[in-house]
Structures are given as C-alpha cells and as structure tokens.
Amino acid sequence: MSDILIVDDERDIRELVSDILEDEGYSTRLAANSDECMSSINSEPPGLLILDIWLKDSRMDGIDILKSVKRDNPDVPVVIISGHGNIEIAVAAIKQGAYDFIEKPFNIDQLMVVIRRAMETSRLRRENASLKRREVTNSDMIGKSASFRAMQSQLDKVTKSNGRVMLSGPAGSGKEIAARYIHAHSNRANAPFVTVNCAGVEPERVEEVLFGRESSERGIESGLLEEAHGGVIYFDEVADMPLGTQSKILRVLVDQQFQRVGGSDKVRVDLRVISSTNRDLDAEIEADRFREELYHRLNVVPITVPSMEDRREDIPVLAQHFIEVCNESQGLPIREISEEAVALLQTMTWPGNVRQLKNLIERVLILGDGTGPIEARELPTEDEKTDDSGRVVLSGALATLPLREAREAFEREYLLTQINRFGGNISRTASFVGMERSALHRKLKSLGVVTSNKSGARVAQIDEPEPAE
C-alpha cells in the first residue's frame, strides 16, 4: 500500500504524471477508466489515488469512484484532477472525502507538493494505527490460577476464527483485556481494534457514533463501524445499548453493511464482533430491555471472565505486574511485596476486581515513602483489623456471640479465606495455617466447609443443608 494509482482517460496525461512521479522515486499504476480503476483497487489498495473527475467511456465518473473508495478504503487519500474544474466540483469532491483538488493544466511543482503531503498524511495514519495495534499486542494477560488458565484456553481456541464472542464477568474483571487478547492473536491483529463504550455514549448520539453521518455542510463523517473495517469492533457492556440501536446493529450483523445517518449510500464493512456484559442478558431479554435475536447473534461463543474472588492465586503476580506498569508509565519506584502484604491482599474483598487492585497498587506507590518492600501496614484495612497497639479489634457481630460460636464463626471465615487464597489447594492451606492435612479435613467437615469446582478452580464454600420438604 505504498504505490500511486493514476486514473485518467487521456493517455498522455496519465503517462506524464507517472513519469514525473517515478522520477521522484514513487512506484505507479495506471488506469484509463472506472473498470480498470476499481479492478486495480480491489486487487491491492494503493497508497494514493490520483483521479480525473471526468472519465470518458466509463460506467462511473470520478465522484462515484471517490465515494466507493472512501466507503471501502477510507485510509486511501484521493487527489482529484480535472480540466473542467470549478468551485462547486471542488467543494463536492472535498465533502466526499477527497484530500485535495487540482485543475488542469496543473503546475508540476504544485502537484508534487500536494502528493507529498497526501502521502505523508497516509504514512502518519498507518504509523499511528500500527502504534495503537502494538500497544494492544503488548496488553498481555497475567495469571496462572486454574480459572485463569481455563479462560485463556477458551480464548486461544477462538482467536483464529471469525466467530462472535460474548465475554461475561463482573465490572473490572478484565473483559476488554480478554477481547484485545483475541484480536492480538488473530489474523486481524494488523487491522483496527475499535471499542464502543455502550454505557458512555449519549442515547441520542449512539447511531451517529456507530454509523457516521452525511450532511451538505460537513460532508462525510465516519463512524466507529467504518473505523473498525477489516478488524474488530468491541461492544463494551452491550446491555446498555438502546433498543432502537440494537435492531440496527442486528441488521449490520446480518448484511455487513449500513447507511450513515443522513446518507443514502450503503457502506460495506468486514468486521469481527466481540461483546461483553456484566449483566444477566436472559433477565434483560425477559424484561424486554434486550433483543433476543441480537443476543443469539452475539453469543455464538460465550466465555466467562473470572472475578478476583475466583482467582486469588493470581493476586501476587498481578500486583507485581502493575508495579512494573506504573514504573514504565509514571516513573514510580519498583518495589517488592512482603509476604505479609501478599497474604493481606489475597484475603481482602475485591468488588472492583482487577481494576481495583491496579488502582490500589498505584496509590501505594504514589503515597509510599521508600523503595523497600511494600508492607501490610501500607495497605488499606477493610472493616476492622488492629488498633495502634496491634490488638485485634472485634467486629460488633462477633463480639455479641458466646465464645464457642464466635470461635467457630472465626475459624469458618478464616479457613474459607485461606482455602480460596490458595485456589482450593488443601495441602498449601494446611501448610500455611500450621495443621496436618488430615486434621484440616476434619476441621472443615465439622465447620460445614466444602470445596467445589467453579470457573475451572476449586472454591471453598459453606455446605448449606437441603431444605426440609
């Protein structure tokens, strides 16, 4: 995509322009009519198109070709040339997306200035897109827990296909990272990854943002669907998409084409669609807030992204990763994490999931006063932990119980937390709490604590008795 396609019905003109450009070091292709032009573009999009606006013996004139190119290959800059130029034609061409307009007979120096600028603009766009894609590729997924490995295995299975994927999981669990992982390891990795924040766009502007807009005053304004052409469109929290827009997105998924707001031309797109949600879409469908047909179109491959509660084993490696990220992006110090701090992190509750952990690590690094290991005292305490003298402060609920019941409640909660911290591994839990494995099993049985599989990992929970009939 670095050569220049010259389209003119006058052989002398196109060959003259070609000779000039090749003398300047550019490679060129030539076309005498619209059929040759479109065939050449379809075989390989050029880096720049020089297009005569009047083409004899052609099915399409220059404006028609311009519309088609900007619809299907929006990154290709188009310079219009014409011997019958006037201001109305120039304005029409610019509104349809032309980079510039030059009249015949043109000044060679003027033509070269326009071409150099257009090629530089094209190069910068490609570099910018490449940098964005490189950032996405480097967005590695971090973890080693059983639930994380199970999810990654599912992601690896879908990367090479074009199947639509629905990622479900709580807010902050890393659904967008999972979507970017699919893109970065797919055959579309060198194409765009475009995020649609369904909850962040004003409902009355959703269609303009997605489909773009055409108007006589401002010409063509591309939407996010066009920007994602050839790559991946990611609908973040798709349950927040307005019902009216859902029906139009459904039509795009079926036809792979749409109309801009205010326009009449069909815009064709080649997209892979990934969606995410933290809601129960079956319940949303039942409440008539989500279209069932759209759900089935998007939910071809459902993948669950586990919460932090289901992957506590990953907290140490995630925390260290975020320390390195903060060092690279903000120059914050690289610090280790003490064993006591790791234990506290693994026993905390994380309603904000991975995002909450990242924010906490950043806050500790900013407010910290040294480069030594992060200690437990630097981490925020949750309900109650200890007072200034180190004494444990009881919660109100625990303080009201008799000693035996309070001890059982404490032991049950303590062991639940430790087992989940070690990913359901009883041997590691027994080693940490200082009990023989067989003794721990007996203690768990007496406390009504059982382990079961959840999201590919062993998770401890209370064994609720069956209700009496």
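- As recorded by an unreviewed UniProt entry, the protein chain carries the name Nif-specific regulatory protein and is attributed to Ruegeria atlantica.
- Regarding the protein chain, the UniProt comment filed under Function (unreviewed entry) reads as follows: "Required for activation of most nif operons, which are directly involved in nitrogen fixation."
- Per UniProt, the protein chain has the following entry under Subunit (unreviewed entry): "Interacts with sigma-54."

## Thoughts on the nonpolar core
Here's step 1: Residues Leu210, Leu225, Ile233, Phe235, Ile249, Phe290 and Leu298 are the most contacted members of the largest nonpolar core, which totals 31 residues.
Here's step 2: Only strand E7 (193-197), helix H8 (206-211), helix H9 (224-227), strand E10 (232-236), helix H10 (243-255), helix H11 (281-286) and helix H12 (292-298) provide two or more residues apiece to this core.
Here's step 3: Counting 24 residues, the second largest nonpolar core, distinct from the first, contains Met308, Ala319, Met348 and Val354.

## A look at the pairing of E10
Here's step 1: With five of five residues buried, E10 is to be regarded as a mostly interior element.
Here's step 2: Side chains Val232, Tyr234 and Asp236 project from E10 onto one buried face, and the interleaved Ile233 and Phe235 project onto a second face that is buried too.
Here's step 3: Where E7 and E10 come together, five bridges link them in parallel fashion. Counterpart to Phe193 in the pairing with E10 is Val232.
Here's step 4: In the sheet, E10 pairs with strand E13 (residues 272-277) via four bridges, with the strands oriented parallel. Within E13, the position partnered with Ile233 by the bridge is Val273.

## Digging into the packing of helix H17 (residues 403-421) against helix H19 (residues 437-447)
Here's step 1: Look at H17 against H19: their axes get within 10 Å of each other, and the N-to-C directions meet at 120°. Between H17 and H19, the angle falls in the class oblique. The interaxial crossing formed by H17 with H19 has left-handed handedness. For the pair H17 and H19, the contacting residues are Glu408, Glu411, Arg412, Leu415 and Ile419 in the first and Leu440, Lys443, Leu444 and Leu447 in the second.

## Let's talk about the packing of aromatic side chains
Here's step 1: Summed over the entire model, instances satisfying the criterion amount to three aromatic pairs.
Here's step 2: Residues Phe410 and Tyr414 carry aromatic rings whose centres are separated by 5.7 Å and whose planes lie at 20° to one another, so their mutual orientation is stacked. Pair noted here: Phe410 and Tyr414 are both in helix H17, with a separation of four residues, about one helical turn.

## A look at the sheet that holds E13
Consider a sheet: its strands pair through backbone hydrogen bonds, and that pairing is either parallel or antiparallel.
Here's step 1: Judged by pairing direction, the sheet is parallel, and its five strands sit side by side in the order E7-E10-E13-E6-E14 without closing on themselves. Only two strands of the sheet have a single partner each, and these edge strands are E7 and strand E14 (301-304). Taking the axes of each pair of neighbouring strands and ignoring which way they run, one obtains an average angle of 20° across the sheet.
Here's step 2: Relative to the sheet, helix H6 (residues 146-158) contacts strand E6 (165-168), E13 and E14, its axis offset from that of E14 by approximately 155°.
Here's step 3: Across the sheet, helix H7 (residues 175-184) is in contact with E6, E7, E10 and E13; its angle to E7 comes to roughly 155°.

## What to know about unusual backbone geometry
Here's step 1: For Asp57, which is not a glycine, the phi torsion comes out positive at approximately 55°.
Here's step 2: Mapping Asp57 onto the fold places it in the loop between strand E3 (48-52) and helix H3 (62-72).
Here's step 3: Positive phi, close to 60°, is recorded for Gln256, a residue that is not glycine.
Here's step 4: Checked against the element boundaries, Gln256 lands in the loop between H10 and strand E11 (257-259).
Here's step 5: According to the relative accessible area criterion, Gln256 is partly exposed, its value standing at 24%.

Rules and cut-offs
- Residues numbered from 1 in each chain as written.
- Predicted model: local features only at pLDDT ≥ 70, side-chain atom pairs only at ≥ 80, totals over all residues.
- Heavy atoms only, no water.
- UniProt positions renumbered as here; feature names shortened; annotations may be inferred.
- Core = buried A, V, L, I, M, F, W, Y, C linked by side-chain atoms within 4.5 Å.
- Buried < 20%, exposed > 50% of the residue type's maximum accessible area, 1.4 Å probe, protein only.
- Helix = DSSP H or I, 4+ residues; strand = E, 2+ residues; numbered from the N terminus.
- Pairing = 2+ DSSP bridges.
- Axes fitted to C-alpha atoms, helices over the stretch in contact; angles between N-to-C directions.
- Parallel < 35°, antiparallel > 145°, perpendicular 65-115°, else oblique.
- Left-handed = near helix turned anticlockwise from the far one by under 90°.
- Contact = heavy atoms within 4.5 Å.
- Phe/Tyr/Trp six-rings, centres within 6.5 Å; stacked < 30°, edge-to-face > 60°.

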